Each structure stands twice: as C-alpha cells, then as structure tokens.
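Survey of secondary and tertiary structure
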Amino acid sequence: MTEAQGRALWDAARRLEKGDVILEIGSHQGRSTVVLGTAARTVGATVIAVDPFVDGKLFGGSPTRQRFEENIAAAGLNDVVELVCGYSTKLRPHWDRPFHLLYVDGKHDYWTYTDDLRWSAHLPPGAEVLVHDCFSSIGVTLGTIAKVLFGNRYTYVDRATSLARFRVTPPSMKDRLRVVAQLPWFVRNVGIKVLLRLRLRPVARLFGHDSPYDPY
Ligand SMILES: C[S@@+](CC[C@H](N)C(=O)[O-])C[C@H]1O[C@@H](n2cnc3c(N)ncnc32)[C@H](O)[C@@H]1O
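Given the structure is predicted, the values throughout are model-derived calculations rather than measurements. (Residues numbered from 1 in each chain as written. Predicted model: local features only at pLDDT ≥ 70, side-chain atom pairs only at ≥ 80, totals over all residues. Heavy atoms only, no water.)

Regarding the pairing of strand β3 (residues 81–84)
For strand β2 (residues 46–50) and β3, the ladder comprises four bridges, and the chain directions are parallel. Residue Ile 48 lies in a different strand from β3, and its bridge partner there is Glu 82. Remark: the β2/helix α3 (residues 61–74)/β3 crossover connection has right-handed handedness. (Pairing = 2+ DSSP bridges. Helix = DSSP H or I, 4+ residues; strand = E, 2+ residues; numbered from the N terminus. Right-handed = clockwise from strand over helix to strand, strands pointing away.)

Shown next as structure tokens:
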C-alpha cells in the first residue's frame, strides 16, 4: 500500500458516521485493516474484516491470521475490528448485516472480484466502494470494465494509483468516459509487469517504474 492509498482509505473511513460499519474483503496481515480501523475509531465506526487466510506461499495461511490478530491487538483495535474468517464468495449469499463502506482487496480474478462487488447490495445508495489493484490487475480491470464502464450501478470517482473509488450511483456518460481515460494507465501497468517478468527492469524504468515489484 502506498501512502496515498493509505490516505484514501483513511479519508473514506473518516467520512463515515458514528455507528457505521466498514466491510473489508482481504485483510492479510491487517495493514489496510489498521488504517481503516484507526480512522473508524475517530468517528465511532467499526470494521468487519473478511479473509479465509488462504494457505500457501502467496498468502501464508494460519501464520498470516496470527500476524493479523497480533497487528490488530498492537494497534489497540480489538474493540473496533471484527474478523470473519471465510471466503467472501461463500459468505456473500447468506450475509444479512448492513454496512456503509466496502473495501475490496481479496482474490483478484474476474469472477471473484465481480462477485465481491455484489456485496454492495448491503450499502446505502451513494455509499463508497474502494478497490485495490484496479487498473493494475487484469482480472480486476476486466471486472471494472464490465461492471463500472458498461454497468449502471457504480460511478468511478477517482483513484490513488491503483486504489479506485466508486460510488453506488448510476453513472453519466461523462463518468463512463473517465473510466476509459484510465485504460492507457492500465496498459502501461500490464506492460511493466511483462517487462519485469522478462527481467527488463531498465526498460521499465524508462516508463517511470523504478521497483522490482509489480505496479500497484
Ligand atoms: C492482497 S492481500 C490483502 C492485503 C491487505 N488488504 C493489506 O492492505 O495488507 C489479499 C488477501 O485476500 C485474501 N483472499 C483471497 N481470496 C479471498 C476471498 N475469496 N475472500 C476474502 N479474502 C480472500 C487472501 O487470504 C489475502 O490475505
């Protein structure tokens, strides 16, 4: 997470009111959860963190859950953050608790991401949806093209690098064009990922990417 992305999460949580709830999909070791939770505390809101703590090299399984719990405790957020351990796609069909801000940073394939957007059914009209790795992950961007650019439910607001902000409100043609305007940046990010896989970091540098990590 970049500082600007942390700021975007912070600001979104700070726009909530006392008693409001944030639902986060994909918490990992709790970095974004701590930002959201700390901001939520200042306005009297709370956070529900959804993560199955997927086993394997990428996400780390139960040791990751332990780190998450330690990080939430160290930040003094045990009374603000509630962990719901499970897959977002399995929990969603039975979910019946309202919330007021949705943050999506779980599995990044098209099907999971578009299913995760459906959690917005529990948001009030006009509420915000934040999405990480938007216009940098292929699955998330294709989902955004399908559901935001060509859909009628979400309006693109802005982004902090790959952290996009949508509002649950029907988009105008101008709003749709602002999604189209992000696509060259997406193509650039995919190009950089390819260059990094080909070990062509000096070429990636020419496009302003000076890091061994994928753009996010
Ligand atoms: C990129 S990490 C999240 C990073 C976190 N938001 C942060 O800022 O540190 C993705 C997380 O999504 C979780 N995940 C994968 N599939 C999921 C699903 N279907 N539902 C919820 N979480 C999922 C993984 O276990 C992993 O912890």
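Some points on the site of the ligand
In the vicinity of the ligand there are 16 residues, among which Gly 26, Ser 32, Asp 51, Ser 88 and Asp 105 approach most closely. One of the backbone nitrogen or oxygen atoms of Gly 26 is found 2.9 Å away from a nitrogen atom of the ligand. At 3.5 Å from an oxygen atom of the ligand is found a main-chain nitrogen or oxygen belonging to Val 54. For the ligand, whose unbound accessible area comes to 610 Å², protein coverage reaches 89%. Judged by the proximity of its atoms to the pocket grid, the ligand belongs to the largest pocket. For the shell around the ligand, a count of residues per class yields six nonpolar, six polar and four charged. (Near = heavy atom within 4 Å. Polar contact = N/O pair within 3.5 Å; in protein donor to acceptor, adjacent residues only side chain to side chain. Areas by Shrake-Rupley, 256 points an atom, 1.4 Å probe, with all protein chains shown as cover. 1 Å grid on protein atoms, 1.4 Å probe; cavity = no way out; pocket = protein on both sides within 12 Å on 5 of 7 lines; lining within 4 Å. Sits in = over half its atoms within 2 Å of the grid points. Nonpolar A, V, L, I, M, F, W, Y, C, P; charged D, E, K, R; others polar.)

Focus: unusual backbone geometry
For His 28, which is not glycine, the phi torsion reads 50° and is therefore positive. Looking at His 28, the relative accessible area reads 33%, which means it is partly exposed. Residues other than glycine seldom take positive phi values, yet Arg 199 does so here, at roughly 55°. Structurally, the position occupied by Arg 199 is in the loop between α8 (183–197) and α9 (201–206). For Arg 199, a relative accessible area of 76% translates into the label exposed. (Buried < 20%, exposed > 50% of the residue type's maximum accessible area, 1.4 Å probe, protein only.)

Looking at helix α7 (residues 173–180)
Where α7 is concerned, the buried positions are Asp 175, Arg 176 and Val 179. Buried residues of α7, seen end-on, are gathered within an arc of 100° and therefore sit on one face of the element. In α7, those exposed residues whose orientation departs by more than 90 degrees from the buried face are Met 173 and Lys 174. Along its buried surface, α7 packs onto α6 (138–149), β6 (154–160) and α8. (Arc of directions from axis to C-beta. Contact = heavy atoms within 4.5 Å.)

Things to note about the layout of surface pockets
As a volume, the largest pocket reaches approximately 1,300 Å³. His 28, Phe 59, Asp 105, His 108 and Asp 133 are, among the 38 residues lining the largest pocket, the residues nearest its centre. Among the elements of the structure, α2 (31–43), α3 and α4 (88–91) are those that each provide at least two residues to the lining of the largest pocket. For the lining of the largest pocket, the leading source of residues is α2, giving three residues. The class makeup of the residues in the lining of the largest pocket is 14 nonpolar, 17 polar and seven charged. (Points joined across faces, edges and corners; volume = space filled by probe spheres on them.)

Here we look at the domain arrangement of the protein
Domain assignment breaks the protein into domain 1 (3–181) and domain 2 (185–216). Each of domain 1 and domain 2 has a C-alpha centre, and these two points are 26 Å apart. Taking both partners together, domain 1 and domain 2 bury about 760 Å²; carbon and sulfur atoms supply 64% of that area. Along the contact surface separating domain 1 from domain 2 lie zero salt bridges. The tally of links from domain 1 across to domain 2 stands at five residue pairs in polar contact (both at pLDDT 80 or more). Taken together, the residues of the side of domain 1 that touches domain 2 break down into three nonpolar, seven polar and two charged. (Domains from an automatic or database assignment. Buried area = accessible area lost by both parts, 1.4 Å probe. Salt bridge = Lys/Arg side-chain N within 4 Å of Asp/Glu carboxyl O.)

Some points on empty space enclosed by the protein
Summed over all chains, the structure comprises one cavity of 30 Å³ or more. By volume, the largest cavity is sized at about 30 Å³. What lines the largest cavity is simply Val 104, Asp 105, Gly 106, Lys 107, His 108, Tyr 113, Val 131, His 132 and Val 140. Here the lining of the largest cavity is built from residues that sort into four nonpolar, three polar and two charged.

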